[in-house]
Every structure is written in structure tokens, then in C-alpha cells.
Amino acid sequence: DCGPLDYGGRYYWAAPDNGEVVFDTTGSDIDTMLKVRKMGCSFESECNDDHDEVESRLGISVAQGDTFLIEVGSYGDEDESGNLILNINYSAVE
């Protein structure tokens, strides 16, 4: 269950081609939460909190040109500080 996001950033990413993408916060120093929203006519969103205790991860199938808003931050209203890392791993599907 994803609650409110605190202390973080917003990023945009566009799929270069059809494929799979994994967004994760591996390597972050804080308890993270990740929200990914597909932009367009239908504003679909997915979120993850604690894929692996404190790190978050989302895997999504994408089509060429799909654009996403990625929000990453600390979980809830916890007053955390530290390194917050967003990894984006894309692989094309033929």
C-alpha cells in the first residue's frame, strides 16, 4: 500500500522503443516509495513501497513513445535524509 510521498523528486522518462523497464531505488540510504504514472489520455499509475524492506521497485511493459512521470521519495511523513537513488533499467523487446 502506498501512502503519501515525502522528500523526493519528480522525473520524466520516455520509452525509446517497445520493451520492458524497471524503476527501482536500489542503493538508497532511506526507506523509499516509488510512484510511476503513464501520461496520456488515460492517466494510469502504479506504486511500490518496500520491494525489499526499504527499497522500491516497479517493472512495466512499455511501447515506443510512452512517457512516464516517476515520483520517488521517502515513505510517508518520516523525517528522513540521505541519498535517494533512482535507477532506470530499460531493455528493448523485438
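Student: Sorry, what's going on with the overall build of the chain here?
Tutor: In terms of helices and strands, the chain carries zero helices and seven strands. Going from the N terminus to the C terminus, the chain shows its helices and strands as β-β-β-β-β-β-β. Long-range pairs, those at least 24 residues apart, make up 79% of the contacts in the chain with a sequence separation of at least 6. Accessible surface, the chain: about 5500 Å² in total, of which carbon and sulfur atoms supply 42%.

Student: How do you make sense of the sheet that holds strand 2 (residues 19–24) when you look at a structure like this?
Tutor: Paired through their backbone hydrogen bonds, the strands of a sheet run either parallel or antiparallel. If you trace the three strands from one edge of the open sheet to the other, you get 5-2-7, paired in antiparallel fashion. Here the strands that pair on one side only, and so sit at the sheet edges, are strand 5 (57–62) and strand 7 (87–92). The average angle at which neighbouring strand axes cross in this sheet is 15°, direction not considered. For strand 2 and strand 7, the ladder comprises six bridges, and the chain directions are antiparallel. Looking across to strand 7, one finds that Val22 is bridged to Asn89.

Student: So what exactly am I meant to see when it comes to the environment of Tyr12 here?
Tutor: Note on placement: Tyr12 falls in strand 1 (residues 5–14). Overall, Tyr12 belongs to the exposed group, its relative accessible area being 58%. Residues in contact with Tyr12, not counting those within four places in the same chain, are Met39, Phe68, Leu69 and Ile70.

Here is what the cut-offs are and how they apply
- Residues numbered from 1 in each chain as written.
- Predicted model: local features only at pLDDT ≥ 70, side-chain atom pairs only at ≥ 80, totals over all residues.
- Heavy atoms only, no water.
- Helix = DSSP H or I, 4+ residues; strand = E, 2+ residues; numbered from the N terminus.
- Contact = heavy atoms within 4.5 Å.
- Areas by Shrake-Rupley, 256 points an atom, 1.4 Å probe, with all protein chains shown as cover.
- Pairing = 2+ DSSP bridges.
- Axes fitted to C-alpha atoms, helices over the stretch in contact; angles between N-to-C directions.
- Buried < 20%, exposed > 50% of the residue type's maximum accessible area, 1.4 Å probe, protein only.

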